[in-house]
Amino acid sequence: MKTIVVVGAGALGSHVTMFLRNVDATIRVVDFDRVEQRNVMSQFHGKPSVGKNKVQSLKQAMDFLFGRKIEIVSNKLVENNAKEILGGADLVIDCLDNGDGRRVIQAFVRKNDIPCLHGGLAANGAFGVSLWDEDFVIDDASGTAKTCEDGEHLPFIATVSTYIASSAQKFLLTGRKMGFNVHPTGVMKIS
């Protein structure tokens, strides 16, 4: 059985995991952060999970709602534990929102020839991406708006998450890599 590692269980990662629930693969989700009240409006975490680790919250929701078991890692991904966390993956899906973590992922997957799909959102909800590593450039720009503060961008977050999950599923089934730039007004296929 193949293994998918989703790094980040926030706005994108929590929804991507939910959308991958029917894929015939082991799903391992990595995140060290806890669910905050402000997260429940835009992430796949409910009010009873406030204060819990995000991966624990997601594990409980996936099992309770869908009977889907997932593996969880509640440690922060850093260079020193990348082999332990990302090793053995057939696909890594990067749903982080910071350049440092993305650089750890990118260095590891490139060194070990592991396919990697990067997901990203503009802080103001103006665009999102589902791009394969060979097309992805890490952007350390920070905005003032937060996509996960309120529910304003939830439909767009779900749309971008759908493209990420769809790209992953297509790759696992056919080996074909499809990337997308997603805007509220339309979608552009990249590869």
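Summarised in this report is the structure supplied together with it. The model shown is predicted, which means the values in this text are computed figures rather than measured ones.

1. Quick word on helix H5 (residues 154-174)
- When the terminal C-alpha atoms of H5 are compared, their 30 Å separation across 21 residues agrees well with the 30 Å that a helix rising 1.5 Å per residue should span.
- For H5, every residue scored as buried is listed here: Phe-156, Ile-157, Val-160, Ser-161, Ile-164, Ala-165, Ser-167, Ala-168, Phe-171 and Leu-172.
- Against the buried residues of H5 lie strand E1 (2-7), helix H1 (11-19), strand E4 (91-94), strand E5 (116-121), strand E6 (128-132) and strand E7 (180-183).
- Looking one or two places after H5, you find Gly-175, whose phi comes out positive at around 80 degrees.

2. Details of the nonpolar core
- With 34 residues, the main nonpolar core has Ile-4, Leu-20, Val-29, Leu-91 and Ile-93 as its most contacted residues.
- Elements with a contribution of two residues or more to this core: E1, H1, strand E2 (25-30), helix H2 (54-66), E4, H5 and E7.
- A total of eight residues in this core trace back to one element, the largest contributor, which is H5.
- Beyond its immediate chain neighbours, meaning those up to four positions away, Leu-91 contacts Thr-3, Ile-4, Val-5, Ile-114, Pro-115, Cys-116, Leu-117, Trp-132, Ala-168, Phe-171 and Leu-172.
- Formed by 17 residues, the second largest nonpolar core is a distinct cluster that contains Val-104, Phe-108, Ile-114 and Cys-116.

3. What to know about the layout of surface pockets
- What the second largest pocket holds in volume is close to 150 Å³.
- Lining the second largest pocket, in full, are Glu-79, Ala-82, Arg-103, Val-104, Ala-107, Phe-108, Lys-111 and Asn-112.
- With six residues, the top contributor of residues to the lining of the second largest pocket is helix H4 (residues 99-112).
- Residues of the lining of the second largest pocket, tallied by class, amount to four nonpolar, one polar and three charged.

4. Quick notes on unusual backbone geometry
- Even without being glycine, Asp-113 reaches a positive phi, approximately 55 degrees.
- Residue position: Asp-113 is located in the loop between H4 and E5.

5. Digging into the environment of Asp-97
- Of note, Asp-97 is situated in the loop between E4 and H4.
- With relative accessibility at 75%, the residue Asp-97 sits in the exposed group.
- Along the sequence, Asp-97 and Ser-14 sit 83 residues apart, while their C-alpha atoms lie 13 Å from each other.

6. A look at the pairing of E2
- Of all the six residues making up E2, five are buried; the element is thus mostly covered by neighbouring parts of the structure.
- Two strands pair when backbone bridges link them, and E1 and E2 are joined in this way by six bridges, in the parallel orientation. Bridge pairing in E2 places Ile-4 opposite Ile-27.
- Crossover connection from E1 via H1 to parallel E2: handedness right-handed.
- As paired strands, E2 and strand E3 (residues 71-73) are joined by three bridges and run parallel to one another. Across the sheet, the residue bridging to Val-30 is Val-73, located in E3.
- With H2 bridging E2 and the parallel E3, this β-α-β connection has right-handed handedness.

7. Points about the packing of H1 against H2
- In contact at an axis separation of 11 Å, H1 and H2 are set at 30 degrees when each is read in the N-to-C sense. Comparing their axes, H2 and H1 come out roughly parallel. The two elements H1 and H2 meet at a crossing, and its hand is right-handed. Within the contact between the two elements, H1 uses Ser-14, Thr-17 and Met-18 and H2 uses Leu-58, Met-62 and Phe-66.
- Looking at side-chain class alone, the contact of H1 with H2 contains four nonpolar, two polar and no charged residues.

8. Details of the environment of Phe-180
- Considering the arrangement of structural elements, one finds Phe-180 in strand E7.
- Overall, the relative accessible area of 9% leaves Phe-180 in the buried class.
- When the C-alpha positions of Phe-180 and Pro-155 are compared, they lie 17 Å apart, and in sequence the two are 25 residues distant.
- Once you skip the residues sitting within four places of it in the chain, Phe-180 turns out to touch Gly-128, Val-129, Ser-130, Leu-131, Tyr-163, Ser-167, Val-187, Met-188, Lys-189 and Ile-190.

Basis of the calculations
- Residues numbered from 1 in each chain as written.
- Predicted model: local features only at pLDDT ≥ 70, side-chain atom pairs only at ≥ 80, totals over all residues.
- Heavy atoms only, no water.
- Helix = DSSP H or I, 4+ residues; strand = E, 2+ residues; numbered from the N terminus.
- Expected span 1.5 Å × (residues − 1).
- Buried < 20%, exposed > 50% of the residue type's maximum accessible area, 1.4 Å probe, protein only.
- Contact = heavy atoms within 4.5 Å.
- Core = buried A, V, L, I, M, F, W, Y, C linked by side-chain atoms within 4.5 Å.
- 1 Å grid on protein atoms, 1.4 Å probe; cavity = no way out; pocket = protein on both sides within 12 Å on 5 of 7 lines; lining within 4 Å.
- Points joined across faces, edges and corners; volume = space filled by probe spheres on them.
- Nonpolar A, V, L, I, M, F, W, Y, C, P; charged D, E, K, R; others polar.
- Pairing = 2+ DSSP bridges.
- Right-handed = clockwise from strand over helix to strand, strands pointing away.
- Axes fitted to C-alpha atoms, helices over the stretch in contact; angles between N-to-C directions.
- Parallel < 35°, antiparallel > 145°, perpendicular 65-115°, else oblique.
- Left-handed = near helix turned anticlockwise from the far one by under 90°.

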